[in-house]
Amino acid sequence: MNVLSFINDKRVRDWFYQIALIVLLVGLTVFFVRNASENMVKAGIASGFDFLWRTSGIEVPFVLTGYTQSDDIFALFWVGVANTMLVTVIAIALATLLGFAIGIARLSSHWLLSTIAGAYIEFVRNIPLLFFVLFWYFGVIAALPQPRQSISLFGVAFLNNRGITIPLPDAPGNFRWAALVILVSWVGYWLASAWARKRKERTGQDAPLLAIGLGLIVVVPALAIAWASLATRWDIPVLRGFNYRGGFVVIPEFVALLAALVTYTAGFIAEIVRGGIESVAKGQSEAASALGLRPGRILSLVVIPQALRVMTPPLTNQYLNVLKNSSFGAAIAYPDVVSLFMGSALNNTGQAIEIIAMTLAVYLVIGLAVSALMNWYNARIALVTR
Amino acid sequence: MTIRILGAAVLLAAGASVAQAQQLAPSPTLDAVKARGNLECGVHLGLPGFSFANDKGEWSGLDVDYCKALAAAVFGDANKVKYTPTSVQQRWPILQSGQVDVLSRNSTITFSRNATLGLNFQGINFYEGQTFIVRKSAGVKDAAGLDGASVCVAAGSTEEKNAADWFRERNLKTTITNFQKNDDAIAAYDAGRCDAYTAGVGALAGQRAKLKNPDEHVILTQPISNDPQGPVTRWGDERWQLIVRWVLNGTIAAEMLGVTSKNVDEMKANSKNTEVRRLLGAEGGFGAMMGLSNDWMYNAIKQVGNYGESYERTVGMGSPLKLERGQNQLWTKGGLLFTPPFQ
């Protein structure tokens, strides 16, 4: 093997380009980081991540992590990350449900239903998200009554323009047991359905899966929660002075941001659902119909499973958009990672480069996790040709 | 021949060293400002009384007046300023990165900003105390009466931390909601989201006008903090810092010495007071020591006025804000304002 054939070898050249690109990228990164840090030293700006261990001193109205204002800035960072993830996960779930409902309504043969769904989709697609956020916040939530005129929900929860104050258990121990029971019963259902599927393949007999599912998924958890609720002492909110004291407050910023993300994203998901369903060849549902299946069964057994394959990649995009759009919460003081870390912490410490890099990393990591999950799902439902 | 050459060389060397002695320390910022032909001044997005642009885009206010005085000192023309409105979030990076030459924007001087952000604070043009605006109907007399209230505030401001600390130290339970901009925070307060909004007393006086019914609200008189504010520069370039500091000192000194925009010509021509004469460039050559013309403060006072004139016009009794001089009065009249001598 002489030198010339070595150079002309495609594999060798491919490797060469790959390595050259990596060296170039690493070199550029090193250059920019060094340049920035040298300039910061020259300008007298402190750099590095030591600021993370300073006391934050910032009060956050919506905390899931047990943070208090005497904790350090790193703890504040996690409060922001948790709040971003909370609103993202719930918004994705609700937007998917609403989006499917609207998408299927759009295809309905019922004229009014289909027209309303179509109008909704057109409306959503032509209005900026910021409008939704401000509409829900200032238009809907701010129109709720002042604390003294709160709407009482069974005398234990109170709705006003400061949010929904709900009772909080004094000791969460019983709820941990209830959660364990729920988990066990769900795993039980999963095992039962796997066994039922195998049995059907073997014998062709249907198992009473509906009854088992009802029991394990609904009744057992409901009983567990009811038991935990009755066995726990509750911290019930009472009106004192300006507002209700005690309990847990679901802040209006969370509700407004969630509502905006769900109503906005559902419009796009509806279009993906419509496109996915329309991409399934008409012959499929005709064939199913010829076998005597009813329209509902055709949709759930024949059309949607095939449509899901088309829908998954664009759905992934929408889910990533929800994650990114959750940063719009900063416009209405929802304490997400952008608002708390890139807003309050950055202003207090002035460590712009470090804080922006960490915030970018948060979105990158969560985003890649969402993509990975969706890619795994996509591979699982992909058409397996035998 | 040799002697003459030697003599010439000696003379040349002497001349060169004299020239060297007259050369000022380099000031990249001043050179850049002069080459550009205008001053770049970072100001507040819009705070009536401090920095506010009218519908013709003309800026006015106490902080804006400082920019004008500085431009008048450098160029002899108070209008050679380009204003860059900055939010709470942008203000430091905009100054650090050199987009503005000086920041004059209602920002509190704090230790950690001074120590870690590469910033220098060049004196105080406004002593401010943080307080709260509440609805009259709430019947609150002082900040302690806000127990249980929810408070709107601009995120990352000194007010955010001050308020959290103040309530925690007194074991009072408040909820603090942090908005990205002052305007968003006060809009949420106005919409009923919060029981109170907190900011400096000067800012509150200006922002009160933005509320739907200003008369239904009251500003609590007792402040919970002391927030001195003044022009800010980057680290390095000591000569530019000197100019920024002494233009501010000059406007305060002018008030102490009784020099106003009305009598400045007469004072320059006839005053026997040597400090007045040095301030206005009639003697001493003080401007040239910093690389400016000697009538630097004459121009600033003639075109913008002394500190007291500026205060009355922008935030004082001659303005809609109607703030008392209070701490911002000269020390000789019971306030805190003071300037080292022009000597």
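Nothing here was measured: the structure is a model prediction, and the numbers come from that model.

Q: Break down the overall build of chain B for me, citing the residues and quoting the values.
A: A tally of helices and strands in chain B yields 14 helices and 14 strands. Taking all 343 residues of chain B together, 56% fall into the buried category. In chain B, the share of contacts with a sequence separation of at least 24, taken over all contacts with a separation of at least 6, comes to 71%. Accessible area for chain B stands at about 14,400 Å²; split by element, carbon and sulfur atoms hold 55% of it. For chain B, the centre of its 35 positive side-chain charges and the centre of its 33 negative side-chain charges are spaced 3 Å apart.

Q: Can you explain the overall build of chain A? Please cite residues and give values.
A: Each helix and strand counted, chain A has 12 helices and 8 strands in total. In terms of overall dimensions, chain A is more spread out than a globule: its C-alpha atoms have a radius of gyration of 27 Å, far above the 21 Å expected for 386 residues. Structurally, chain A occupies a C-alpha span of about 90 × 80 × 45 Å along its principal axes. Taking all 386 residues of chain A together, the buried fraction comes to 39%. In chain A, of all internal contacts separated by at least 6 residues, the share reaching a separation of at least 24 is 67%. A total of about 21,900 Å² of accessible surface is found on chain A, and carbon and sulfur atoms cover 70% of it. Across chain A, 27 positive and 18 negative side-chain charges occur, with their mean positions spaced 10 Å apart.

Q: Explain the environment of Trp166 of chain B to me, and be specific about the residues and the numbers.
A: Residue and element names in this part refer to chain B. Its location among the elements puts Trp166 in helix H6 (residues 158–169). Spatially, the C-alpha atom of Trp166 lies 9.3 Å from that of Ala143, the residues being 23 residues apart in sequence. Residues contacting Trp166, with those up to four places away along its chain left out, are Ala143, Ala144, Leu172 and Ile224.

Q: Account for the sheet that holds strand E3 (residues 163–166) of chain A, naming residues and giving values.
A: Residues and elements named next belong to chain A. Reading across from one edge, E1-E2-E3-E8 is the order of the 4 strands in this open sheet, with antiparallel pairing throughout. Strands with a single pairing partner mark the edges of an open sheet, and in this sheet they are strand E1 (151–153) and strand E8 (248–250). With direction set aside, neighbouring strand axes in the sheet form an average angle of 20°. Here strand E2 (residues 157–160) runs beside E3; their pairing, made up of 3 bridges, is antiparallel.

Q: Quick one: what's the story with the sheet that holds strand E9 (residues 150–154) of chain B, residue by residue and with numbers?
A: The pairing of strands in a sheet comes from backbone hydrogen bonds and takes either a parallel or an antiparallel form. Residue and element names in this part refer to chain B. Taking strand neighbours across the sheet as the criterion, the 5 strands line up as E10-E9-E11-E8-E12 in an open arrangement whose pairing is mixed. A strand with exactly one partner marks an edge of an open sheet, and here the two such strands are strand E10 (175–179) and strand E12 (217–219). Going across the sheet, the axis of each strand differs from the next one's by a mean of 30°, ignoring polarity. Pairing of E9 with strand E11 (residues 196–200), which is carried by 2 bridges, proceeds in the parallel orientation. From the neighbouring strand, Cys152 faces E11, where its bridge partner is Tyr197.

Q: With reference to specific residues and values, describe the state of the cysteines.
A: All names here are of chain B. Across all of its chains, the model carries 2 disulfides over all chains by this definition. Across a sulfur-sulfur distance of 2.0 Å, Cys41 and Cys67 are joined as a disulfide pair. The sign of the -70° torsion about the S-S bond sets the Cys41-Cys67 disulfide as left-handed. Residue Cys41 is found in strand E1 (residues 39–44), and its partner Cys67 is found in helix H3 (residues 62–75); the two are separated by 26 residues along the sequence. Overall, Cys41 belongs to the buried group, its relative accessible area being 0%. Looking at Cys67, the relative accessible area reads 0%, which means it is buried. Between the sulfur of Cys152 and that of Cys194 lies a disulfide, 2.0 Å long from S to S. Its S-S torsion of about 75° marks the bond between Cys152 and Cys194 as right-handed, since a negative value means left-handed. In this pair, Cys152 is assigned in strand E9 and Cys194 in the loop between helix H7 (182–190) and E11, connecting sequence segments 42 residues apart. For Cys152, a relative accessible area of 0% gives the class buried. Overall, the relative accessible area of 0% leaves Cys194 in the buried class.

Rules and cut-offs
- Residues numbered from 1 in each chain as written.
- Chains lettered and ligands numbered in written order.
- Predicted model: local features only at pLDDT ≥ 70, side-chain atom pairs only at ≥ 80, totals over all residues.
- Heavy atoms only, no water.
- Helix = DSSP H or I, 4+ residues; strand = E, 2+ residues; numbered from the N terminus.
- Buried < 20%, exposed > 50% of the residue type's maximum accessible area, 1.4 Å probe, protein only.
- Contact = heavy atoms within 4.5 Å.
- Areas by Shrake-Rupley, 256 points an atom, 1.4 Å probe, with all protein chains shown as cover.
- Lys, Arg positive; Asp, Glu negative; His and termini not counted.
- Charge placed at Lys NZ, Arg CZ, Asp CG, Glu CD.
- Rg over C-alpha atoms; globule rule 2.2 N^0.38 Å.
- Pairing = 2+ DSSP bridges.
- Axes fitted to C-alpha atoms, helices over the stretch in contact; angles between N-to-C directions.
- Disulfide = S-S within 2.5 Å.

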